[in-house]
Amino acid sequence: MAKPTASQVLQLHISRFKNFLSFTKVYLKKHNPIKLCIAQSKAYIQELLTVKKKLKKIEYRINYEKYKLKKTELILAQNCDHVFLKGRSLNQTR
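Residues numbered from 1 in each chain as written. Predicted model: local features only at pLDDT ≥ 70, side-chain atom pairs only at ≥ 80, totals over all residues. Heavy atoms only, no water.

Draft legend 1. Main features of the overall build of the protein chain. A count of helices and strands for the protein chain gives 4 helices and 0 strands. Its helices and strands in sequence order give the protein chain the pattern α-α-α-α, from N to C terminus. Counting all 94 residues of the protein chain, 3% fall into the buried class. Per element, the accessible surface of the protein chain, about 9,600 Å² overall, is 65% carbon and sulfur. (Helix = DSSP H or I, 4+ residues; strand = E, 2+ residues; numbered from the N terminus. Buried < 20%, exposed > 50% of the residue type's maximum accessible area, 1.4 Å probe, protein only. Areas by Shrake-Rupley, 256 points an atom, 1.4 Å probe, with all protein chains shown as cover.)

Laid out in structure tokens, this is it:
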């Protein structure tokens, strides 16, 4: 088997480099990292701007659940005769 000449090796490297550039071009057209980065940045900023609204909704929901829990506990306690509620039931019947 004969060794390739320097010009053949150079042609081989040039063709490989052209293939690499064409693959890179197609990849960048398909995935477009700049557009992707801009879209992710917009989404992140939007998320940061709506955090306070989400926290308020969560606080309202927690307060509502606490209210329901206290109501339920009060109903359950009224159905059971406890010493600490006898005064309350007497005041309600007056």
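Draft legend 2. Broad picture of helix H1 (residues 6–31). With 26 residues, H1 should cover 38 Å at 1.5 Å per step; its first-to-last C-alpha distance of 37 Å lies within 8% of that length. Positive backbone phi, approximately 45°, marks asparagine 32, located one or two places after H1. (Expected span 1.5 Å × (residues − 1).)

Draft legend 3. Structural view of a nonpolar patch on the surface. A surface patch of nonpolar side chains, about 790 Å² in accessible area, is lined by Tyr44, Ile45, Leu48, Leu49, Val51, Leu55, Ile58 and Ile62. Counting residues per element, the ones that place at least two in the nonpolar patch are helix H2 (33–49) and helix H3 (51–79). By relative accessible area, tyrosine 44 is classed as exposed at 54%. (Patch = residues over 30% accessible without salt bridge, like charges linked within 9 Å, V, L, I, M, F, W, Y side chains within 5 Å. Salt bridge = Lys/Arg side-chain N within 4 Å of Asp/Glu carboxyl O.)

Draft legend 4. Quick look at unusual backbone geometry. Even without being glycine, asparagine 32 reaches a positive phi, approximately 45°. Within the secondary structure, asparagine 32 is located in the loop between H1 and H2. Note on asparagine 32: relative accessible area 28%, which makes it partly exposed.

Draft legend 5. Structural detail: the pattern of salt bridges. Inspection of every chain in the model, using the stated rule, returns 3 salt bridges. A salt bridge links glutamate 47 to lysine 54; the nearest nitrogen and oxygen atoms lie 2.9 Å apart. The partly exposed category is assigned to lysine 54, whose relative accessible area is 40%. Close ionic contact of arginine 61 with glutamate 65 constitutes a salt bridge, the shortest N to O distance being 3.1 Å.

Draft legend 6. Focus on the side chain of threonine 50. Tracing the backbone shows threonine 50 in the loop between H2 and H3. In this structure the side chain of threonine 50 is engaged in a polar contact, spanning 3.1 Å, whose partner is the backbone oxygen of glutamine 46. (Polar contact = N/O pair within 3.5 Å; in protein donor to acceptor, adjacent residues only side chain to side chain.)

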